[in-house]
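# Structural overview
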Amino acid sequence: MSQAPKLRLGVNVDHIATLRNARGGRNPDPVRAAKLAIEAGADGITAHLREDRRHIRDEDMARLKAEIDRPLNFEMAATDEMLRIALATKPHACCLVPERREELTTEGGLDVVGQHNALAPVIARLNDAGIRVSLFIAADPRQIEMAAKLRAPVVEIHTGAWCDAVTDGHKEKAEAEWQRIIKGAALAYSAGLEVHAGHGLDYDTAERIAALPEIVELNIGYFMIGEALFVGLADTVGAMRAAMDRGRGA
Ligand code: PXP
């Protein structure tokens, strides 16, 4: 690749809704946060409608689609209910993720190798509706090859294990995960897939991963919403953008 393309920042607003839901009611409003993030430089907004509606609710997704003027990335499990809502909402993109009720966050990538029969019709329906499908997977060659076979145009590489190892100071594990991400991004790109990454990223890990030219989008939520409590969301988006630009230029 001669020159790395622009790296887009997708801001995940789930945890604005987590705060709101702690008391019920309307505040803080995830749609207001999405608009502010866009004004501050976000290229798109991500929200995950979970089966148990623990943060984003159906009406949030509808309002995000109606009120924001940047691409909406609808994260969802590949269930009939979510497919119906996604087809009615018509977001720019759908990111298919595994989901278990008891997990605190999306813990691992989708097993597209094991579940290709169940995923194929969901991917086809979304493709036919003109919605860009992305599969949230570990940087595992078998998963990447199957994602390409299933005709998903995009994969999002799960960076959670790498970020946890970096944060916990497990140097060997962090290095092994980092090498897996480097190889996975290159393999996915060479298989013709658009490559995104996300989960657990903060300023430092976003800066490092921004150096990989195959990756064109990072989706980041939890760290940014936490940071926004101290410095505000606009400054957080600005600082994340700056970290990504530094990494891209490195
Ligand atoms: N990408 C995907 C597919 C996710 O499931 C999540 C978490 O909702 C993120 C990105 C963002 O992860 P984090 O909130 O840890 O930044």
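Preceding this section is the structure that the text describes.
Since this is a predicted model, take the numbers as computed values, not measurements. (Residues numbered from 1 in each chain as written. Predicted model: local features only at pLDDT ≥ 70, side-chain atom pairs only at ≥ 80, totals over all residues. Heavy atoms only, no water.)

### A closer look at the overall build of the chain
- Scanning the chain from N- to C-terminus turns up eleven helices and eight strands.
- In terms of overall size, the chain behaves like a compact globule, its C-alpha atoms giving a radius of gyration of 17 Å where 250 residues would be expected to give roughly 18 Å.
- Along the first, second and third principal axes, the C-alpha set of the chain runs to 45 × 40 × 35 Å.
- Considering the chain as a whole, with its 250 residues, one finds that 48% of them fall into the buried category.
- When contacts within the chain are restricted to residue pairs at least 6 apart in sequence, long-range pairs at least 24 apart make up 68% of them.
- Accessible surface, the chain as shown: approximately 11900 Å² in total, 51% of it carbon and sulfur.
- Side-chain charges in the chain split into 31 positive and 37 negative, and the spacing between the mean points of these groups amounts to 4 Å. (Helix = DSSP H or I, 4+ residues; strand = E, 2+ residues; numbered from the N terminus. Rg over C-alpha atoms; globule rule 2.2 N^0.38 Å. Buried < 20%, exposed > 50% of the residue type's maximum accessible area, 1.4 Å probe, protein only. Contact = heavy atoms within 4.5 Å. Areas by Shrake-Rupley, 256 points an atom, 1.4 Å probe, with all protein chains shown as cover. Lys, Arg positive; Asp, Glu negative; His and termini not counted. Charge placed at Lys NZ, Arg CZ, Asp CG, Glu CD.)

### Some points on the side chain of Asn73
- Here Asn73 is to be found in strand β3 (residues 72–76).
- In this structure the side chain of Asn73 is engaged in a polar contact, spanning 3.1 Å, whose partner is the side chain of Thr46. (Polar contact = N/O pair within 3.5 Å; in protein donor to acceptor, adjacent residues only side chain to side chain.)

### Looking at the side chain of Glu177
- Considering the arrangement of structural elements, one finds Glu177 in helix α8 (residues 171–190).
- Its relative accessible area of 11% is what places Glu177 among the buried residues.
- Residues within four places of Glu177 in sequence aside, it is in contact with Ala161 and Trp162.

### Considering the state of the cysteines
- For the coordinates displayed, the defined rule picks out zero disulfides.
- A disulfide-free cysteine, Cys94 has its sulfur positioned 8.7 Å from the sulfur of Cys95, the nearest such atom.
- For Cys94, a relative accessible area of 0% translates into the label buried.
- Of the residues examined, Cys95 reaches a relative accessible area of 1% and is grouped as buried. (Disulfide = S-S within 2.5 Å.)

### Some thoughts on the site of the ligand
- In the vicinity of the ligand there are 14 residues, among which Glu75, Glu156, Gly200, Gly221 and Tyr222 approach most closely.
- Here Gly200 contributes a backbone N or O atom positioned 2.8 Å from an oxygen atom of the ligand.
- For the ligand, the accessible surface in isolation is 400 Å², of which the surrounding protein chains cover 95%.
- Looking at side-chain class alone, the shell around the ligand contains five nonpolar, six polar and three charged residues. (Near = heavy atom within 4 Å. Nonpolar A, V, L, I, M, F, W, Y, C, P; charged D, E, K, R; others polar.)

### A closer look at unusual backbone geometry
- With an omega of -10 degrees, the peptide bond running from Asn27 to Pro28 counts as cis.
- Relative to the helices and strands, Pro28 resides in the loop between α1 (14–23) and α2 (30–39).
- The phi dihedral of Arg151 falls on the positive side, at around 65 degrees, and the residue is not glycine.
- Given a relative accessible area of 67%, Arg151 falls into the exposed group.
- One non-glycine residue, His199, lies in positive phi territory at about 115 degrees.
- Its place among the elements puts His199 in the loop between β7 (194–198) and α9 (203–209).
- Classification of His199 as partly exposed rests on a relative accessible area of 22%.

### Here we look at the pattern of salt bridges
- One pass over the structure, following the stated rule, counts 16 salt bridges.
- Residue Arg8 is joined to Glu217 by a salt bridge in which the shortest nitrogen-to-oxygen separation is 3.0 Å. One end of the pair, Arg8, is in strand β1 (residues 8–12); the other, Glu217, is in strand β8 (residues 215–220), and 209 residues separate them in sequence.
- Among the residues examined, Glu217 registers a relative accessible area of 11% and is labelled buried. (Salt bridge = Lys/Arg side-chain N within 4 Å of Asp/Glu carboxyl O.)

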